[in-house]
Amino acid sequence: MSEPTRHDGVLADGAHDAAAEVAAEAVTSARPAPEPDGRPASVWSTGVCRSDDGALSVAGADLRAVAAEHGTPAYVVDEADLRARARSYAEAFAAAFAESEGLAGADVYYAGKAFLSLAVARWVHSEGLRIDTSTAGELAVALRAGVPGEHIGLHGNNKSDEELVTAIEHRVGRIVVDSLGEIERVAALAAERGVRAPVMVRVTTGVHAGGHDFIATAHEDQKFGLSLASGAARQAFEEILAAPSLNLIGVHSHIGSQILDLAGFEAAARSVLQLRAEIAEETGHLMPEVDLGGGYGIRYTGADDEPPSPAQIATGLATIVHAVCAELGTEIPRISVEPGRSIAGPAGLTLYRVGAVKPVALDGGGERLYVSVDGGMSDNIRPALYGAAYTAALANRTSAVEHVTARVVGKHCESGDIVVHDVALPADIGPGDLLAVPATGAYGRSMASQYNLVPRPPVLAVTEGQVRPIMRRETLEDLLALDLG
Ligand SMILES: Cc1ncc(COP(=O)(O)O)c(C=O)c1O
Ligand SMILES: N[C@@H](CCCC[NH3+])C(=O)O
């Protein structure tokens, strides 16, 4: 087994088996969270500051006051930061794919799976983005938020009839077909309603990217998409073209998530553009659109690489699309992308209250301080699921005492209930302190559970010092109400 390395927010190969080795190494390498610096590439949202008395604030709201009023744990979202990230994608893709440059324009779909609520759907849509959904729940939120059907896409490797009917009846802009059996179902449901449904085909290009197998999606042996190598993708195009109630608008490729290097996207773009040209030659149908998926990485700890900016991503993709279409002699398609994490992730942090603190002696010598907080794997499953790395900082004060190697753990009945594997925290951290974990805006609340019957935390939006819950805290009454006895 290869040596695991913690990078890009996830542990690569063999993460769980080799966790102990990594833990031992980390005793010497734990580092404190970087201080907020207002840069978009920071682990903190741009509105996070530390005031003179040592407390962290988000967009002008002091986190001590936030905790006092709304309780902990809580997800705190910097609305201006999230909106600015959405806007910079819209602007960067509009500029890089400007029709005046001979390109056919671009659409940015916000991947709702990262975190979707009515407020977030409205924010990103008002900043010029469309919304990518993959379940009836995400579709319902996008529609309830007032996003027109034509600005919504529907994904899913196992869509229900209910999901397909909702999508068709609301005239969504695209249904991304993910299996051969789905084609017939969409065709029949669209025909029954007398409509021609716009569909794309999700293909697996074989480009392997993303730090952990669970978040890489374009290799052969996994559940998403139709394989180019096996011929399933080609069969899908033929079947769609033969169905009068389907309109084949494009080809889709999503290679994985938390990717910091643009090379994989460029390789996938080349592959799908070639496929589009071949399909055009074989069938006479040149698909007008190509979707290159999402997956752009963010900083989680400060030790990770600098992520590419939306402008770098857009210009990188525009260059490759332009070059490949010129080589192939095909018209340039309209391009779309589906970033989620890189819009919502850095805009959010999780605020916890510290409880039990325990020094634990380590086998190889040395000590680790176990700092328990009032949440854990129910509000952030990523460390347990992917070995994802995070960092944490005291949020209510600073401390001049020495920093020690610490592990932030949750309150669940699992030893893998880890919030931050290794971080240097002040030795005097204790019960009552507040701890902020940055970069939890994506795949935190959206993957939260009620494990151990712990109610899910609220999501608090902060805008110019004003704090507004955009999702309320669950209560014990909510949990009891589900139980029919
Ligand atoms: C089809 C598709 N599009 C977009 C995304 C969003 O990815 P990310 O949040 O990493 O940008 C995902 C998740 O990986 C996905 O499966
Ligand atoms: N939930 C994942 C990414 C999911 C990818 C969706 N295909 C994460 O937290 O990194």
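Reading guide: rules and limits
Residues numbered from 1 in each chain as written. Chains lettered and ligands numbered in written order. Predicted model: local features only at pLDDT ≥ 70, side-chain atom pairs only at ≥ 80, totals over all residues. Heavy atoms only, no water. Helix = DSSP H or I, 4+ residues; strand = E, 2+ residues; numbered from the N terminus. Buried < 20%, exposed > 50% of the residue type's maximum accessible area, 1.4 Å probe, protein only. Polar contact = N/O pair within 3.5 Å; in protein donor to acceptor, adjacent residues only side chain to side chain. Pairing = 2+ DSSP bridges. Near = heavy atom within 4 Å. Areas by Shrake-Rupley, 256 points an atom, 1.4 Å probe, with all protein chains shown as cover. Right-handed = clockwise from strand over helix to strand, strands pointing away. UniProt positions renumbered as here; feature names shortened; annotations may be inferred. Contact = heavy atoms within 4.5 Å. Salt bridge = Lys/Arg side-chain N within 4 Å of Asp/Glu carboxyl O. Core = buried A, V, L, I, M, F, W, Y, C linked by side-chain atoms within 4.5 Å.

(A) Structural view of the side chain of E474. On the secondary structure map, E474 appears in the loop between strand 23 (466–471) and helix 13 (476–482). Given the relative accessible area of 13%, E474 is considered buried. A polar contact of 3.0 Å, which involves the side chain of E474, links it to the side chain of Q450. There is a polar contact of 2.7 Å between the side chain of E474 and the side chain of R456.

(B) Representation of the sheet that holds strand 3 (residues 48–50) in the model. Strand order in this open sheet of three strands is 3-4-5, and the pairing throughout is antiparallel. Both outer strands of the open sheet, strand 3 and strand 5 (61–62), are each paired with one neighbouring strand and no more. In this structure, strand 4 (residues 56–58) lies alongside strand 5, joined through two bridges in antiparallel fashion. Of the residues in strand 5, the one forming a bridge with S57 is D62.

(C) Fine view of the pairing of strand 19 (residues 403–409). With five of seven residues buried, strand 19 is to be regarded as a mostly interior element. For strand 17 (residues 367–373) and strand 19, the ladder comprises four bridges, and the chain directions are parallel. Bridge pairing in strand 19 places L369 opposite A406. Across six bridges, the pairing between strand 19 and strand 20 (residues 418–426) is antiparallel. Across the sheet, the residue bridging to V408 is V420, located in strand 20.

(D) Quick look at the site of ligand 2. Around ligand 2 there are seven residues in total, and R341, R382, Y386, Y443 and M447 lie nearest to it. Within the side chain of R341, one N or O atom sits 2.7 Å away from an oxygen atom of ligand 2. A distance of 2.5 Å separates an oxygen atom of ligand 2 from a polar side-chain atom of R382. In isolation ligand 2 has 310 Å² of accessible area, and contact with the protein removes 85% of it.

(E) Seen up close, the pairing of strand 10 (residues 174–177). Side-chain alternation along strand 10 places R174 and V176 on one buried face and I175 and V177 on a second face that is also buried. Following the backbone out of strand 9 (residues 152–154), through helix 6 (residues 161–169) and into the adjacent parallel strand 10, one traces a crossover that is right-handed. Pairing analysis gives three bridges linking strand 10 to strand 11 (residues 197–204), with the strands arranged parallel. If you follow V177 over to strand 11, its bridge partner there is V201. Assessed by its sense of winding, the connection that carries the chain from strand 10 through helix 7 (residues 180–192) to strand 11 is right-handed.

(F) Highlighting the UniProt feature "modified residue: N6-(pyridoxal phosphate)lysine" (unreviewed entry) in the chain. The sites that carry the UniProt feature "modified residue: N6-(pyridoxal phosphate)lysine" (unreviewed entry) are, in the present numbering, K113. Relative to the elements of secondary structure, K113 occurs in the loop between strand 7 (106–111) and helix 4 (118–126). By relative accessible area, which is 30% here, K113 ends up partly exposed. The contacts of K113, once residues within four sequence positions are left out, are D132, S134, E138, Y443 and S446.

(G) Main features of the UniProt feature "binding site: pyridoxal 5'-phosphate" (unreviewed entry) in the chain. Following the UniProt record, one finds the feature "binding site: pyridoxal 5'-phosphate" (unreviewed entry) at G295, E338, P339, G340, R341 and Y443. Tracing the chain through its elements places E338 in the loop between strand 15 (334–337) and helix 11 (341–344). According to the relative accessible area criterion, E338 is buried, its value standing at 7%. In contact with E338, other than residues within four places in its own chain, are Y109, A111, D132, H155, R174, H252, D291, G293, G294 and G295. Among the secondary structure elements, P339 is positioned in the loop between strand 15 and helix 11. Since its relative accessible area comes to 0%, P339 is described here as buried. Those residues within four positions of P339 in sequence are excluded, and the remaining contacts are Y89, V108, Y109, Y110, A111, G294 and Y296.

(H) Looking closely at the pattern of salt bridges. The final tally for this structure, using the stated rule, is 28 salt bridges. For R234, the salt bridge is made with E278, and the minimal N-O distance between the two is 2.7 Å. In this pair, R234 is assigned in helix 8 (residues 232–241) and E278 in helix 9 (residues 263–283), connecting sequence segments 44 residues apart. Exposure remark for R234: the relative accessible area of 24% places this residue in the partly exposed category. Shared partners join several salt bridges into a network, and the residues in it are D37, R39, R299 and E306.

(I) Looking closely at the nonpolar core. F93, F97, Y110 and F237 are the most contacted members of the largest nonpolar core, which has 92 residues in total. The element contributing the most residues to this core is helix 10 (residues 310–328), with eight residues. Among residues more than four places away in sequence, those in contact with F237 are V201, V203, L248, G250, V251, L275, I279 and M287.

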